[in-house]
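Chains, contacts and geometry: an overview
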Amino acid sequence: MPDLILILTTMPDDDRADALARTLVDERLAACVNVHGPTTSTYRWKGSVEREAERQVVIKTTRARLGDLEVRLRSLHPYELPEFVVLDGKASNAYGVWVDGEVRPR
């Protein structure tokens, strides 16, 4: 079974979240990107507590594509320090094979 991972990040609005999702899939860095509806994030940044509307983004890829995906995400992301959380995933063999096939460089 392919080494499936999920990457969590956030984006400030729909347009930038959608553009990120499309780019990562077009460039075969992700097989699928889910953009969740509006959410509110509360966090500490540079000594202050901040509260912002964001979109949670879930990226499905393989560990083999992790390095390239991270470089590309950081180049596209508007935040100084984007969220980049990597979770190990377990999927059905068929889904894992699909993800692997979609992110394999051509």
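Shown above is the structure to which this text applies.
Rules used in this analysis
Residues numbered from 1 in each chain as written. Predicted model: local features only at pLDDT ≥ 70, side-chain atom pairs only at ≥ 80, totals over all residues. Heavy atoms only, no water. Phe/Tyr/Trp six-rings, centres within 6.5 Å; stacked < 30°, edge-to-face > 60°. Helix = DSSP H or I, 4+ residues; strand = E, 2+ residues; numbered from the N terminus. Buried < 20%, exposed > 50% of the residue type's maximum accessible area, 1.4 Å probe, protein only. Pairing = 2+ DSSP bridges. Axes fitted to C-alpha atoms, helices over the stretch in contact; angles between N-to-C directions. Contact = heavy atoms within 4.5 Å.

Bringing the packing of aromatic side chains into the picture now. The full count for this structure, using the stated rule, is 1 aromatic pair. When the centroid spacing of 5.4 Å and the interplanar angle of 45° are considered together, the rings of Y95 and W98 count as tilted. Note that Y95 and W98 are positioned in helix 3 (residues 93-103) at a spacing of 3 residues, about one turn of the helix. With a relative accessible area of 36%, W98 lands in the partly exposed category.

For sheets, the rule is that strands pair by backbone hydrogen bonds, running either parallel or antiparallel. Within the open sheet, the 4 strands sit side by side as 2-3-1-4. Their pairing is antiparallel. Edge positions in the open sheet fall to strand 2 (32-45) and strand 4 (85-88), since each of these has one partner strand only. The mean inter-strand angle of the sheet, taken between neighbouring strand axes irrespective of direction, is 30°. Of the strand pairs in this sheet, strand 1 (residues 4-11) and strand 3 (residues 48-62) are connected by 8 bridges, and their pairing is antiparallel. The residue of strand 3 that forms the bridge with I7 is I59. Docked against the sheet, helix 1 (residues 14-26) engages strand 1, strand 2 and strand 3, running at close to 130° with respect to strand 2. Relative to strand 3, helix 3 is tilted by about 95°, and along the sheet it contacts strand 1, strand 2 and strand 3.

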